[in-house]
Amino acid sequence: MKHDQPLPLPASLLEQMDATPQNPRYHREGSVLAHTQFVVQQCLDMQHQFDLDDDERLVLYWAAVLHDIGKTVATVWQDNRWRSPGHERAGVPFALEILLQHPEISPSNRRRILDLVRWHGFPLKFSQWQQSLDELKLLGTRTDIRLLAIFGLFDFYGRQCDDSVEVLAKMHYFHEHSVPKAEFELGKFQTLHGSFESWNLRHKNAVWNAIKMKDVRLLEKLLQARQTDTQQTRGQKATLVIGPPLSGKSTWIAKEYPDNFTIHLGEHGIDNSLVNNSYLQGRKMVEIKHLLRVYLNRHQHLIIESRPIEEGIRRQLTDILRDMPVEVNYDIVETGLEVLKTRNQDSGVEMAISTLENEYHQVDLIHPWEAHNMRYIHGEAL
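Conventions used here
- Residues numbered from 1 in each chain as written.
- Predicted model: local features only at pLDDT ≥ 70, side-chain atom pairs only at ≥ 80, totals over all residues.
- Heavy atoms only, no water.
- Helix = DSSP H or I, 4+ residues; strand = E, 2+ residues; numbered from the N terminus.
- Polar contact = N/O pair within 3.5 Å; in protein donor to acceptor, adjacent residues only side chain to side chain.
- Contact = heavy atoms within 4.5 Å.
- Core = buried A, V, L, I, M, F, W, Y, C linked by side-chain atoms within 4.5 Å.
- Buried < 20%, exposed > 50% of the residue type's maximum accessible area, 1.4 Å probe, protein only.
- Pairing = 2+ DSSP bridges.
- Axes fitted to C-alpha atoms, helices over the stretch in contact; angles between N-to-C directions.
- Parallel < 35°, antiparallel > 145°, perpendicular 65-115°, else oblique.
- Left-handed = near helix turned anticlockwise from the far one by under 90°.

Chemist: I keep staring at the side chain of Glu220 and nothing clicks. Help me out?
Modeler: Secondary-structure assignment places Glu220 in helix 13 (residues 216-224). A polar contact is formed between the side chain of Glu220 and the side chain of Arg217, at a distance of 3.2 Å. Aside from chain neighbours lying at most four places away, what touches Glu220 is Lys137, Glu185 and Leu186.

So, in structure tokens, the structure goes:
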């Protein structure tokens with residue numbers, strides 16, 4: 001294998017990757033940079049073995065480039081070895097910033113790349129821990145597990161480890177048996193996503209509840225069921241506009257929703273400070289439920305502006321809206337950290353860089369069915 005595959009990344013990031021060590025038991029090839037170069041080469045060499053369209057080849061290439069950049073911040077010396085716990089999650093905001101600098105990559109492909117970065121560790125964990133096929137099916141509602149399995153092969157052919165024969169056998173089994181079985185029983189991601197977009201709100205709510213409960217049997221029945229009615233919402237909508245500080249949320253709202261009433265969740269105490277205080281969180285949710293009902297009685301379409309908030313809090317909020325019942329939409333404004341820093345300097349009222357960085361690194365991927373409708377906005381152009 002070649003060890004000098006050029007990568008379309010900033011020189012400073014390449015230096016960090018080269019300086020980030022890995023456990024030689026699993027990565028005798030060396031640093032994160034060396035491993036990434038090997039994976040990219042495997043991606044280029046092996047693509048012809050699979051039935052891939054141009055978009056899928058693009059997605060797999062960028063996933064190969066970006067999949068381990070989270071290790072530059074997650075790698076620690078622990079228990080007498082190098083480990084990188086949570087590097088998949090940590091890599092998402094870094095990968096997003098890189099991808100936003102490539103406007104030729106469509107929002108849908110950007111999301112597919114980030115999915116692979118976020119979940120690339122799943123195939124090995126699934127195989128080693130002998131997880132239930134239901135876990136794979138649930139993941140198949142949020143990302144394309146076929147592409148994930150193909151990428152898993154690139155990833156493990158791009159490393160040198162002590163148990164490579166055993167690991168590659170597991171990865172091939174995942175690709176050739178586990179994924180086809182899950183897709184046959186549940187459906188392929190693109191088909192499922194297309195179906196979701198056509199369902200009425202009641203059916204979307206039922207499917208989402210099955211996913212939250214991890215009730216795969218109920219989920220399968222709902223996916224096969226025919227819709228027999230429509231849900232009455234009186235045409236009411238709530239659009240949650242999510243993004244870090246200075247991402248362009250306010251500009252987007254003024255541009256897209258100039259005549260709609262807007263509330264700011266932070267002004268009502270709905271933020272990540274509630275995560276470790278269940279009593280206060282419960283109180284705030286009761287308060288916001290009352291306020292949302294009052295505002296929706298006055299306004300047909302309510303805009304809710306928010307910084308990134310912890311998944312459990314966000315889902316409680318959307319559950320409140322679904323139960324009213326209201327159509328729930330997400331507008332997710334994506335802006336890179338360097339642009340945020342520049343805007344911060346130009347704002348006149350500078351936020352502490354550490355606070356800004358912490359807010360940015362709260363970015364994580366949201367299940368595409370968490371809202372009735374979801375779209376991504378390139379905030380750097382706002």
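Still more ground to cover, so stick around.
Chemist: How do you make sense of the nonpolar core when you look at a structure like this?
Modeler: Soluble globular proteins tend to bury their nonpolar side chains together. In terms of nonpolar packing, the biggest core is built from 60 residues, with Leu60, Trp62, Leu66, Leu136 and Phe154 touching the most fellow members. Here this core takes nine residues from helix 9 (residues 145-157), the largest share from any one element. With residues near it in sequence (within four places) discarded, Leu66 still touches Leu9, Ala95, Ile98, Leu99, Ile113 and Val117. Of all hydrophobic cores here, the second largest spans 26 residues; its members include Ile242, Leu302, Ile332 and Ile366.

Chemist: Quick question: what am I supposed to make of the sheet that holds strand 7 (residues 373-378) here?
Modeler: Strand-to-strand pairing in sheets goes through backbone hydrogen bonds, with the strands running parallel or antiparallel. Strand order across the open sheet formed by five strands is 4-5-3-6-7, with parallel pairing between neighbours. Two strands close off the open sheet at either side, each with one partner strand: strand 4 (261-264) and strand 7. Going from strand to strand, the sheet's axes swing by 20° on average, the running direction of each strand aside. Sheet topology note: the strand 3 (residues 237-242)/strand 5 (residues 301-306) ladder contains six bridges and is parallel. When the bridges of strand 5 are listed, Ala238 appears paired with Leu302. Against the sheet, helix 15 (residues 278-298) makes contact with strand 3, strand 4 and strand 5, and its axis sits at roughly 140° relative to strand 5, the strand it touches most.

Chemist: Would you take a moment to explain the packing of helix 3 (residues 54-66) against helix 6 (residues 107-119) for this structure?
Modeler: Between two packed helices, both the angle of their axes relative to each other and the distance between the axes serve to describe the pair. At a minimum axis distance of 9 Å, the contact between helix 3 and helix 6 shows a crossing angle of 45°. The orientation of helix 3 relative to helix 6 falls into the category oblique. Here helix 3 runs over helix 6; the crossing is right-handed. Only Asn109, Arg112, Ile113, Leu116 and Val117 of helix 6 make contact with helix 3, whose side of the interface consists of Asp55, Glu56, Leu58, Val59, Leu60, Trp62, Ala63 and Leu66.

Chemist: Would you explain unusual backbone geometry in this entry?
Modeler: In terms of backbone geometry, most residues other than glycine have negative phi values and most peptide bonds are trans. Omega for the bond connecting Met324 with Pro325 falls within 30 degrees of zero, at -10°, which places this linkage in the cis form. Within the secondary structure, Pro325 sits in the loop between helix 16 (311-322) and strand 6 (327-334). Unlike most non-glycine residues, Gln130 shows phi in positive territory, near 50°. Within the element layout of this structure, Gln130 appears in the loop between helix 7 (122-128) and helix 8 (133-139). Since its relative accessible area comes to 70%, Gln130 is described here as exposed.

Chemist: Looking at this structure, I do not really get the environment of Val59. What am I missing?
Modeler: Secondary-structure assignment places Val59 in helix 3. Remark: the alpha-carbon pair of Val59 and Asp115, spanning 56 residues in sequence, is separated by 9.8 Å. Those residues in contact with Val59 that sit more than four places away from it in its chain are Asn109, Arg112, Ile113, Leu116 and Leu147.

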